[in-house]
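What follows is each chain in one-letter form.
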Amino acid sequence: MKTYRALVNGEWKTSSSDQFIISYNPYNQEGWARIPQMTEGEISASVQFAYKVFKEWKKTSGLERASLLHRLADLIEENAEHLAIIESKDNGKIINETKNQVMFTARNYRYFAGYADKLVGNLIPLDNKDLLDYTSMEPLGVVALITAWNSPLSLLANKLAPALATGNTVVIKPSEYASVSTLEFGKLIQEAGFPPGVVNIITGDGQTGDTLIRHPLISKVSFTGGAQTARVISRAVSENLIPITLELGGKSPNIIFEDADLEEATVGAIAGIFGASGQTCIAGSRLLVQRTILDEIISGLRRITETIKLGNPLNSSTQMGPVANLAQFNKILQMIESANEEGAELICGGSALEHKDLNGYFIKPTIFYTENPNLTIACEEVFGPVLTVIPFDTEEEAIYLANNTVYGLSAGIWSRDIKRALRMAQNIEAGNVWINTYRTSAIGAPFGGTKQSGYGRERSWHTLYEYTQMKNVMINLSEEKRNPFSIQL
C-alpha cells in the first residue's frame, strides 16, 4: 500500500499526527493508498505559505501564467493514461470516461491560459471631463478549492485553471474518499514550474476542510459537493464575509415528448443516468415521458438497461463500474428500499449485484416507475444508478413537474419541435438545459445551478469574474483648486 504526502510550499510533507485515511478501490474493496490526516497547525501553515507567495505571484505577467498553464496541459496529456488509471482505482469510474475527462481537463487549462493576459478593465466615460476613470480586474488572494470524489481532476480544473490564470494562489482539499489522483496531479504542478506555494494540496477528513475555510487569510471558497456540507460552509465563510462558489447536486428532469426521435431519446436517457454509475451532479434521474409514448420508452429502457455490462472499470469493454465507496453504496440501497416501500413500480434492477467474479460496490442499474412525483425516490438526489420514470400529458404539466424540485442544476428536452423545445428551455428553472442531447460538456459553456443546486458559474470566460475583484480608479485632471468642503461631480 502506497503512502502519500501532502504538497505544501513546494514540498511533500507527511503529517505530525501520524494518522492516515485508507483509500479503498471500489472494484475489489482493497485498501491501496494511505492519505495523511493533516493537523490544524499544518493546514494553517499551508494557507500562510500561499498568502506569502501571493504577494509576488500576483505581480507575474499574464504571459508568464499562460506559459505555465500551457506547460501543465502538456504534462496532463503526456500522463493521461496514468492519471486515468489512478482515478478509476480511486472512485470506480470506467477507464473510457476517466481518459476522456483527463483530456478534457487539459483543455480546461489551455482555455484559461488564453485569458491570462487578457484580463482587461474598462475606461468609464464620466459627465465631468476633468475626471478620468478606469477599472481593473485584480486577483482575490488565497482561494480554498474543495472538490468531490466523483470526478476529482475534472472538478479541480474547473476551479484551479481560472484561479491561477487570474493570479490567485490556492490551497486544494480533495475528498477523503478520492485524494490520490489530485496528489499525483501535484507532481505535474511542480514539473510545470509553478513557484512553490502557489498551489498547495492538503488532505484529511471533513474537519480538514472546515479548518481551511475558516482561516482568516482565505479570500474565497469554491466548493463542489452536497447541499448539507454547502450550508455548513456558507455559515462558516459568512463570519469572514468572503465570496463563495457552490456547485451542488440536482434532481434533473430529462423530458421526452411524443414527437422526439424516440430511439435517440431512449439512448440519451440511459447515458444521462447510468453514465458514471449515476454519480454525477447532472444525472438525469427523473425521466418525464409523455403518456402517449410511455410503453414504448419503458420497453426500450428495459431492453438496453438489462444488457449494460458491469465489471472492472479498468477494462475498456466495461460499460458501468461500481459506485465509489461503501457509504454511497449503502445510501443508494437504502433509497431503493424506500422506493419499494413507498409503492414505486420496479422495472428492472433494484439490488446490489451478486456475481462470483465481482466483489466491489456494484449496484444493478435500476429503473422505477411512478405516477406520484412526490415519492422520495422522485424528489431526493440518489447519486447512483437509479432512474425514476414519471408520465405527463401536456407541455404545461411537464414544466410543472420539471420545476417541482428544490434543485435547479440541469434539464434535458427531447423534441423535434424547436419552438416547443425553446419554450421549455425558457420556462424550466435550471442553470443548464440540453435539447436533443444530454450530459454534453464544453469548456466555453458556463456551468452552474439555481435554487439549491448552488450559485456562481464554472467554465467559460464568465468564471474569470468568480476569481477576481474589480478596482475602480478615478484621476483628477483639472488644474483648478477645489473647495475642501465640496464634492466634485
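As a starting point, this report considers the structure included with it.

What counts, and at which threshold
Residues numbered from 1 in each chain as written. Predicted model: local features only at pLDDT ≥ 70, side-chain atom pairs only at ≥ 80, totals over all residues. Heavy atoms only, no water. Helix = DSSP H or I, 4+ residues; strand = E, 2+ residues; numbered from the N terminus. Rg over C-alpha atoms; globule rule 2.2 N^0.38 Å. Buried < 20%, exposed > 50% of the residue type's maximum accessible area, 1.4 Å probe, protein only. Contact = heavy atoms within 4.5 Å. Areas by Shrake-Rupley, 256 points an atom, 1.4 Å probe, with all protein chains shown as cover. Lys, Arg positive; Asp, Glu negative; His and termini not counted. Charge placed at Lys NZ, Arg CZ, Asp CG, Glu CD. Core = buried A, V, L, I, M, F, W, Y, C linked by side-chain atoms within 4.5 Å. Pairing = 2+ DSSP bridges. Axes fitted to C-alpha atoms, helices over the stretch in contact; angles between N-to-C directions. Expected span 1.5 Å × (residues − 1). Phe/Tyr/Trp six-rings, centres within 6.5 Å; stacked < 30°, edge-to-face > 60°. Lys NZ or Arg CZ within 6 Å of the ring centre and 35° of its normal. Polar contact = N/O pair within 3.5 Å; in protein donor to acceptor, adjacent residues only side chain to side chain. 1 Å grid on protein atoms, 1.4 Å probe; cavity = no way out; pocket = protein on both sides within 12 Å on 5 of 7 lines; lining within 4 Å. Points joined across faces, edges and corners; volume = space filled by probe spheres on them. Nonpolar A, V, L, I, M, F, W, Y, C, P; charged D, E, K, R; others polar.

This part takes up the overall build of the chain. If you tally the helices and strands in the chain, you get 14 helices and 23 strands. Computed over the C-alpha atoms, the radius of gyration of the chain is 24 Å, within 12% of the 23 Å expected from 2.2 N^0.38 for a compact globule of 489 residues. In terms of overall dimensions, the chain has C-alpha extents of about 80 × 55 × 40 Å along its principal axes. In the chain, which comprises 489 residues, the proportion classed as buried is 57%. Of all intrachain contacts in the chain linking residues separated by at least 6 positions in sequence, the fraction that spans at least 24 positions is 73%. Of the roughly 20700 Å² of accessible surface on the chain, 50% is carried by carbon and sulfur atoms. Positive and negative side-chain charges of the chain, numbering 44 and 53 respectively, have mean locations separated by a distance of 5 Å.

We now examine the nonpolar core. With 53 residues, the main nonpolar core has L72, I76, Y109, L160, F185 and F194 as its most contacted residues. Top element by residues in this core is helix 5 (residues 152-165). It accounts for eight residues. Within the second largest apolar cluster, 35 residues are counted, among which are I270, F274, C348 and W414.

Once that is clear, we can look at the sheet that holds strand 17 (residues 386-392). Spatially, the seven strands line up as an open sheet ordered 15-16-17-14-13-19-20, and their pairing is mixed. Each edge of the open sheet is held by one strand with a lone partner, namely strand 15 (345-348) and strand 20 (432-435). Neighbour-to-neighbour, the strand axes of the sheet open up by a mean angle of 20°, direction not taken into account. The pairing of strand 14 (residues 286-290) with strand 17 spans five bridges and is parallel. Its bridge partner lying in strand 17, R286 is registered against T388.

With 19 residues, helix 4 (residues 95-113) ought to run about 27 Å at 1.5 Å a step, and its terminal C-alpha atoms sit 27 Å apart, in line with that. Listed as buried for helix 4 are I95, E97, T98, Q101, V102, T105, A106, N108, Y109, Y111, F112 and A113. Buried-residue contacts for helix 4 involve helix 2 (62-78), helix 3 (80-91), helix 5 and helix 6 (180-192).

This part takes up the packing of aromatic side chains. One pass over the full model with this rule turns up ten aromatic pairs. The interplanar angle of 80° and the centroid separation of 5.0 Å between the aromatic rings of Y111 and F112 together place this pair among those described as edge-to-face. When sorted by exposure, Y111 lands in the same class as F112, which is buried. Ring geometry for W461 against Y465: centres 6.3 Å apart, planes inclined by 75°, an arrangement best described as edge-to-face. On the basis of relative accessibility, which here comes to 49%, the residue Y465 falls in the partly exposed class. Ring pairs connect the aromatic residues Y111, F112 and Y115, which therefore count as one cluster. Across from the ring centre of F20, 4.0 Å away, lies the NZ or CZ of R34, which sits over that ring. Looking at K220, its charged tip hangs above the ring of Y467, at a distance of 5.3 Å from the centre.

In this section: the environment of N372. Tracing the sequence through the fold places N372 in the loop between strand 16 (366-369) and helix 12 (376-379). Measuring from C-alpha to C-alpha, the distance between N372 and Y51 comes to 53 Å, with 321 residues separating the pair along the chain. Side-chain polar atoms of N372 contact the backbone nitrogen of N374, separated by 2.9 Å.

E395, A398, I399, L401, A402 and N403 are the residues of helix 13 (residues 395-403) that are buried. Residues of helix 13 that are buried sit in contact with strand 13 (253-256), strand 14, strand 17, helix 14 (418-427) and strand 21 (450-451).

Below, the discussion takes up empty space enclosed by the protein. Summed over all chains, the structure comprises four cavities of 30 Å³ or more. The computed volume of the largest cavity comes to approximately 60 Å³. Every residue along the wall of the largest cavity is listed here: G250, I273, G278, T280, C281, A283, S285, E381, V382, F383, G384 and V386. By residue class, the composition of the lining of the largest cavity is six nonpolar, five polar and one charged.

An order of 1-5-4 is seen for the three strands of this open sheet, with the pairing classed as mixed. This sheet does not close on itself; its edge strands, each paired only once, are strand 1 (2-3) and strand 4 (20-25). Relative to strand 5 (residues 30-36), strand 4 runs antiparallel, the two being bridged by six bridges. The residue bridging I22 from the neighbouring strand is R34, located in strand 5. Set on the sheet, helix 3 makes contact with strand 4 and strand 5; between it and strand 4 the angle comes to about 95°. In the packing of helix 6 onto the sheet, contacts are made with strand 1, strand 4 and strand 5, and the angle to strand 5 comes to roughly 55°.

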